[in-house]
Amino acid sequence: MSLTSELADPRSILTRWCAERFRRTPAVVDQVAAAVRDVRPVRPKAREVTGRHWAEIGGAWGQRLAELVQPAPPYYALLGMLRAQWVSWVWAHRQAAQYPTHQQLPEQYLTRALALRPAVTTWLDLDYLSTDDGTTGSAAAEDAWGELLARTRAYLAQHAPPGRLGSAGAEAGLARSCWLLSACEDLYRSGAVDDRLDRLFAGGARPSVAQLRGLPGEDQVAELVELAGQLHSTGALWELRKLAGSPGDGQPLGIASPTIVPQWADADLLLGPDPAADDQGTTLIDVKTVVSVRDTAKVGRWLWQALLYAWLDTADLYRIRRVGLLLARHGVLITWPVDELTEQLLGRRDAGDRDKDQAVAIAGRIITGHGLRFPVV
């Protein structure tokens with residue numbers, strides 16, 4: 001269970017609360033629809049595609065944007081490799097420690113690097129990921145995945161450092177790695193191993209990097225390259241950089257995959273200025289790879305979720321002052337100050353802390369009901 005699945009359940013007390021209180025949701029959804037009305041979206045190359053295709057493109061593009069924002073470990077891909085028992089916990093922590101975000105951790109933390117996530121001015125310690133459950137992994141699989149991760153880190157550093165997109169050729173190469181990491185993340189979240197990956201690792205085999213990178217289809221690679229082009233040509237990349245405080249070349253734009261509530265609410269991107277600057281706050285972005293925004297109920301849930309992410313950061317670990325949606329196929333970024341979106345959804349100007357406190361209390365009961373910790377401190 002997660003915040004996303006909770007809001008998708010019409011029987012949920014949290015969903016019912018949002019539907020009752022956020023009565024002006026359709027008006028805000030209209031703003032989203034208006035923003036993309038005259039934009040031609042990136043569509044799949046094939047005339048007919050399966051739901052699996054949409055999910056794979058969405059996951060891979062989410063991974064590419066994470067790399068654009070911050071040179072951090074692919075946390076959930078590593079957890080997926082663990083769930084498949086391809087790798088050991090020792091190996092996973094060692095891999096996480098090799099990413100630029102984690103390389104400067106004190107020595108005593110490097111052996112549990114996968115459990116540590118950067119916030120704005122501190123680190124979040126997901127201590128439940130620190131205990132070795134005895135998973136031994138496979139030396140062949142560890143070698144294969146280790147080589148892929150090392151090559152991807154080096155390729156990003158050379159051709160597409162944080163805040164920059166690469167050439168079309170570079171983006172095609174990155175698309176293949178992102179597809180693979182997304183497949184591993186999906187394994188972590190669903191428990192299902194992609195049949196193509198399963199065949200490559202069957203019987204303790206050691207696939208080559210070329211075999212791994214050959215799994216995504218050419219149409220998928222071309223589509224991901226086109227999404228990168230759309231982000232650049234529409235000016236959305238410039239907007240992301242501006243929200244990040246216009247950092248220097250090669251500098252991170254913020255935080256990738258911020259954990260709002262461990263095991264329950266993981267956001268996509270957090271953009272923010274230098275934490276040493278005045279309290280300008282950060283912008284939390286949810287990424288969507290849909291072609292159409294005509295489903296008012298679905299878009300409304302996106303808005304609720306973005307606002308709830310900000311509200312659930314009760315310790316202000318991420319200093320979220322603005323939230324928004326990046327409609328990737330359109331190359332359109334829409335953001336609102338948290339207070340302004342609250343007022344618009346509620347339909348009144350006197351929106352205060354009472355509604356926030358009620359929503360957080362309801363969510364807190366759901367979270368602790370699952371045996372999870374809340375609030376996060």
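Please refer to the structure placed before this passage.
The paragraphs below set out a description of the structure included in this document. The structure presented is a predicted model; accordingly, all values stated were derived computationally and were not measured.

1. Here's the deal with the pattern of salt bridges
Right, so step 1: According to the stated counting rule, one finds 24 salt bridges in the structure shown.
Right, so step 2: Put simply, glutamate 185 and arginine 189 hold a salt bridge, and the shortest N to O gap is 3.1 Å. Of the two residues, glutamate 185 and arginine 189 both sit in helix H9 (residues 168-190), four residues apart, roughly one turn of that helix.
Right, so step 3: When its relative accessible area of 45% is taken as the criterion, arginine 189 is described as partly exposed.
Right, so step 4: In this structure, the salt-bridge partner of aspartate 286 is lysine 288, at a minimum N-O distance of 3.5 Å. In terms of burial, aspartate 286 and lysine 288 fall into one category: buried.
Right, so step 5: Residues joined in a network through salt bridges with shared partners are Arg52, Glu56, Asp194, Asp195, Arg196 and Arg199.

2. Digging into helix H13 (residues 236-243)
Right, so step 1: Among the residues of H13, those classed as buried are Ala236, Leu237 and Leu240. Taken around the axis of H13, the buried residues stretch over an arc of 105°, which confines them to a single face. Of the residues in H13, the exposed ones pointing more than 90 degrees away from the buried face are Trp238 and Lys242.
Right, so step 2: Packed against the buried residues of H13 are helix H4 (51-69), helix H12 (218-233), strand S6 (269-271), strand S8 (320-327) and strand S9 (332-337).
Right, so step 3: One or two steps after H13, the chain reaches glycine 245, where phi turns positive at roughly 90°.

Parameters at a glance
- Residues numbered from 1 in each chain as written.
- Predicted model: local features only at pLDDT ≥ 70, side-chain atom pairs only at ≥ 80, totals over all residues.
- Heavy atoms only, no water.
- Salt bridge = Lys/Arg side-chain N within 4 Å of Asp/Glu carboxyl O.
- Helix = DSSP H or I, 4+ residues; strand = E, 2+ residues; numbered from the N terminus.
- Buried < 20%, exposed > 50% of the residue type's maximum accessible area, 1.4 Å probe, protein only.
- Arc of directions from axis to C-beta.
- Contact = heavy atoms within 4.5 Å.

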